[in-house]
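# Remarks on the overall topology
Chain residues, written in single-letter form:
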Amino acid sequence: MIVAIDGPAASGKGTLARRIATHYGLPHLDTGLLYRAVAARCLALGGLDDVGASEAAARTLDLSTIDAEALRSAAMGEAASVVAARPGVRAALLDLQHRFAAQERGAVLDGRDIGTVICPRADVKLFVTASPEVRAQRRFRELGARGAAVTFDDVLADIRKRDERDSQRSAAPLVMADDAVALDTSNLGIEEAFAAALAIVMARTAPGG
Ligand code: CDP
Ligand code: CDP
């Protein structure tokens, strides 16, 4: 079973992907980490401007060396969205994602283009959304808990900017697949969102569903 989960920043897709993966005993890949890791490599080498360097970083990315904790900052999310708009970077990360999705038991992947580009034939596609204000509130809380000195307005501006860049780019833009099911988590707690997501997965994978 392949479950594709897409949506904008802080919509709750990662939390749902992890929970669904645990529930079904499937491996999970947070594909945003790939773009964050590419951006981190570029920044360590001097900056984001060199397209060739970002493509080389994507080609040589080793999943086993990615340190998720170190890549969580808002600045890295923003930098990831810059390199993620480059077709050469996306192309270089295709094979790794396809291999992950092709594992025997199946897989859960979350990102922006899983249902549209990476796994167009996924058994279940979820498109997770929430209002920009709710998403900013969630991110603001997360950043505060980690001791980051940011304002709510900064976080909201960052979310809006990233939404715009991710949706307007020509390479694999953030868009809901025709056969995806939308799940708005604006008014749902984590348990409620998980229950709703599970109901969708079960309905989609039921015989004749
Ligand atoms: O957790 P959050 O949604 O804030 O970010 P993320 O999923 O780690 O993604 C960071 C950035 O990587 C996004 O803003 C996208 O530009 C890019 N990305 C993408 O283009 N395609 C994916 N499948 C996953 C992430
Ligand atoms: O992966 P994505 O960026 O879409 O979001 P996430 O990392 O799953 O969730 C962002 C934050 O919102 C986390 O701190 C979650 O615990 C929280 N969250 C929430 O408060 N309510 C939900 N229904 C889903 C997530």
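As recorded in an unreviewed UniProt entry, the protein goes by Cytidylate kinase and comes from Xanthobacter tagetidis. As recorded by UniProt, the Sequence similarities (unreviewed entry) comment attached to the protein reads in full: "Belongs to the cytidylate kinase family. Type 1 subfamily." Quoted verbatim from the Subcellular location (unreviewed entry) field of UniProt, the annotation for the protein is "Cytoplasm".

Take the overall build of the protein next. For the protein, the helix and strand inventory stands at ten helices and five strands. By the compact-globule yardstick of 17 Å for 209 residues, the protein fits well, its C-alpha radius of gyration being 17 Å. In the protein, buried positions account for 45% of the 209 residues. Put simply, of all contacts in the protein between residues at least 6 apart along the chain, 78% involve residues at least 24 apart. Of the roughly 10,100 Å² of accessible surface on the protein, 55% is carried by carbon and sulfur atoms. Taken together, the 25 basic and 27 acidic charged side chains of the protein have centroids lying 1 Å from each other.

Another point: the UniProt feature "binding site: ATP" (unreviewed entry) in the protein. On the UniProt side, "binding site: ATP" (unreviewed entry) is annotated at positions that read Gly7, Pro8, Ala9, Ala10, Ser11, Gly12, Lys13, Gly14 and Thr15 here. Mapping glycine 12 onto the fold places it in the loop between strand S1 (2–6) and helix H1 (13–24). Relative accessible area serves as the criterion here: at 24%, glycine 12 is assigned to the partly exposed category. In this fold, threonine 15 is placed in helix H1. Taking relative accessible area as the criterion, threonine 15 reaches 29% and is therefore assigned partly exposed.

All right, on to the nonpolar core then. Counting residues in hydrophobic clusters, the biggest one holds 32 residues, and the most contacted among them are Val38, Leu93 and Leu109. Only helix H2 (32–44), helix H3 (51–59), helix H4 (74–83), helix H6 (94–101), strand S3 (107–111) and helix H7 (114–118) provide two or more residues apiece to this core. For this core, the element with the highest residue contribution is H2, accounting for eight residues. In this structure, this core is formed jointly by two domains, domain 1 (1–31 + 106–203) and domain 2 (32–92), each of which donates at least three residues.

Let us look at the pattern of salt bridges. When the charged atoms of two side chains with opposite charge come close together, those side chains can pair. Evaluated as defined, the whole model comprises twelve salt bridges. Put simply, arginine 90 and aspartate 113 hold a salt bridge, and the shortest N to O gap is 2.9 Å. With arginine 90 in helix H5 (residues 87–92) and aspartate 113 in the loop between S3 and H7, this residue pair connects regions lying 23 residues apart in the sequence. Note on accessibility: arginine 90 and aspartate 113 belong to one class, buried. When salt bridges that share partners are traced, they join Glu78, Lys161 and Arg165 into one network.

Close to ligand 2 lie 14 residues, the nearest being Lys13, Gly14, Thr15, Arg139 and Glu142. Between ligand 2 and the protein, one listed contact pairs an oxygen atom with a backbone N or O atom of glycine 12 at 3.0 Å. At 2.5 Å, a side-chain N or O of threonine 15 approaches an oxygen atom of ligand 2. Look at ligand 2: alone it shows 540 Å² of surface, and the protein chains cover 82% of it.

Moving on: the packing of aromatic side chains. The geometry of an aromatic ring pair is captured by two quantities: the separation of the ring centres and the angle between the planes. Counted according to the given criterion, the structure contains one aromatic pair. When the ring of phenylalanine 140 is compared with that of phenylalanine 152, the centres are 6.1 Å apart and the planes differ by 85 degrees; the resulting orientation is edge-to-face. In this pair, phenylalanine 140 is assigned in helix H8 (residues 132–145) and phenylalanine 152 in helix H9 (residues 152–168), connecting sequence segments twelve residues apart. Look at phenylalanine 152 and you get partly exposed, because its relative accessible area is 24%. The ring centre of phenylalanine 194 lies 4.3 Å from the NZ or CZ of arginine 19, which sits over that ring.

Calculation rules
- Residues numbered from 1 in each chain as written.
- Chains lettered and ligands numbered in written order.
- Predicted model: local features only at pLDDT ≥ 70, side-chain atom pairs only at ≥ 80, totals over all residues.
- Heavy atoms only, no water.
- UniProt positions renumbered as here; feature names shortened; annotations may be inferred.
- Helix = DSSP H or I, 4+ residues; strand = E, 2+ residues; numbered from the N terminus.
- Rg over C-alpha atoms; globule rule 2.2 N^0.38 Å.
- Buried < 20%, exposed > 50% of the residue type's maximum accessible area, 1.4 Å probe, protein only.
- Contact = heavy atoms within 4.5 Å.
- Areas by Shrake-Rupley, 256 points an atom, 1.4 Å probe, with all protein chains shown as cover.
- Lys, Arg positive; Asp, Glu negative; His and termini not counted.
- Charge placed at Lys NZ, Arg CZ, Asp CG, Glu CD.
- Core = buried A, V, L, I, M, F, W, Y, C linked by side-chain atoms within 4.5 Å.
- Domains from an automatic or database assignment.
- Salt bridge = Lys/Arg side-chain N within 4 Å of Asp/Glu carboxyl O.
- Near = heavy atom within 4 Å.
- Polar contact = N/O pair within 3.5 Å; in protein donor to acceptor, adjacent residues only side chain to side chain.
- Phe/Tyr/Trp six-rings, centres within 6.5 Å; stacked < 30°, edge-to-face > 60°.
- Lys NZ or Arg CZ within 6 Å of the ring centre and 35° of its normal.

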